[in-house]
Amino acid sequence: MSYLLEHNADTIDEKAVCKLIKKGAKAKSDEIIEAIKDYNIETDQAKKLELTRGHLEYLDDMITQTEVEFYVRIKPYYEFVEFVSTMPGMTELSSTIVLAETGVNMGIFDDAKQLCSWCGLSPANNESAGKKKSVRIAKAGDYLKPMMVQCALAAIKSKKQPYFSIKYGRIKKRRGHKKAIIAIARMMMVCIYHMVSEKKPFTPTDYEELMESQNHVERVVLNVTNHMLLFSRFTTMNF
């Protein structure tokens, strides 16, 4: 934007413009160059673009200052940030934001289940005459719930630590993507509860067992039963 405002259609350098194009849009460089050929920005349009650019720079500055303030205030509790950051899907920034909401004193919650309920990651209690009418999650956790969902989405994509990816795949087969993601977010919050209260990194008790089960290849043994089933299917095929 700045480059186009400082130049016009006669003075722009296509090579200079290509260098300014972000990596994700490099494949469309030719289309971008073609789109700005013979461009003309009127004075009123230029003023609007300058104001927009100034507003974006202001927002970027506010975000930077807020992040710096986060780290300054979390410094006395940085030990807990490091513990939470060892979990797949959690960065130092996301760990800081989560702990800023929950605090590091997990004693205020009866257990991990109550923490999940406070964050809005547990099913709402909607039961009448012994019949459950809904299994939708609670409306609590306006800030934490979206954050944990984003972290869960990042966690299931981790190739170095596929722990949550494996669990997500199993739940998705039965319940679908949305419920599986909420389930993963709830698991992650349970892990945070234990990591902070016990002051330890991400070490789930079923990690090794889960990893070993993924490496196990099941072999089909042709006993009498499945051999006859296979033969019957073969003979009934239409050629």
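Anyway, here's the lowdown on the structure attached to this text. Note that this is a predicted model, so its numbers are computed, not measured. (Residues numbered from 1 in each chain as written. Predicted model: local features only at pLDDT ≥ 70, side-chain atom pairs only at ≥ 80, totals over all residues. Heavy atoms only, no water.)

## Details of the packing of helix 4 (residues 43-74) against helix 6 (residues 92-102)
Close contact between helix 4 and helix 6 brings their axes to 10 Å; oriented N to C, the two are set at 65 degrees. Viewed along their axes, helix 4 and helix 6 adopt a mutual orientation that is roughly perpendicular. Considering the relative orientation of helix 4 and helix 6, their crossing is left-handed. For the pair helix 4 and helix 6, contact is made by Glu 67, Phe 70, Tyr 71 and Ile 74 and by Glu 92, Leu 93, Thr 96, Ile 97 and Ala 100, respectively. A breakdown of the residues in the contact of helix 4 with helix 6 according to their chemical character gives six nonpolar, one polar and two charged. (Axes fitted to C-alpha atoms, helices over the stretch in contact; angles between N-to-C directions. Helix = DSSP H or I, 4+ residues; strand = E, 2+ residues; numbered from the N terminus. Parallel < 35°, antiparallel > 145°, perpendicular 65-115°, else oblique. Left-handed = near helix turned anticlockwise from the far one by under 90°. Contact = heavy atoms within 4.5 Å. Nonpolar A, V, L, I, M, F, W, Y, C, P; charged D, E, K, R; others polar.)

## A few points about the pattern of salt bridges
On inspection of all chains with the given rule, the structure shows three salt bridges. Put simply, Lys 167 and Asp 206 hold a salt bridge, and the shortest N to O gap is 3.1 Å. Taken together, the positions of Lys 167 in helix 9 (residues 163-175) and Asp 206 in the loop between helix 10 (177-198) and helix 11 (207-215) put the pair 39 residues apart, joining distant regions of the chain. For Lys 167, a relative accessible area of 17% puts it in the buried group. (Salt bridge = Lys/Arg side-chain N within 4 Å of Asp/Glu carboxyl O. Buried < 20%, exposed > 50% of the residue type's maximum accessible area, 1.4 Å probe, protein only.)

## Digging into the side chain of Thr 102
The residue Thr 102 is located in helix 6 in this model. Overall, the relative accessible area of 6% leaves Thr 102 in the buried class. Those residues in contact with Thr 102, other than ones at most four positions away along the chain, are Ile 108, Phe 109, Leu 115, Trp 118 and Leu 144.

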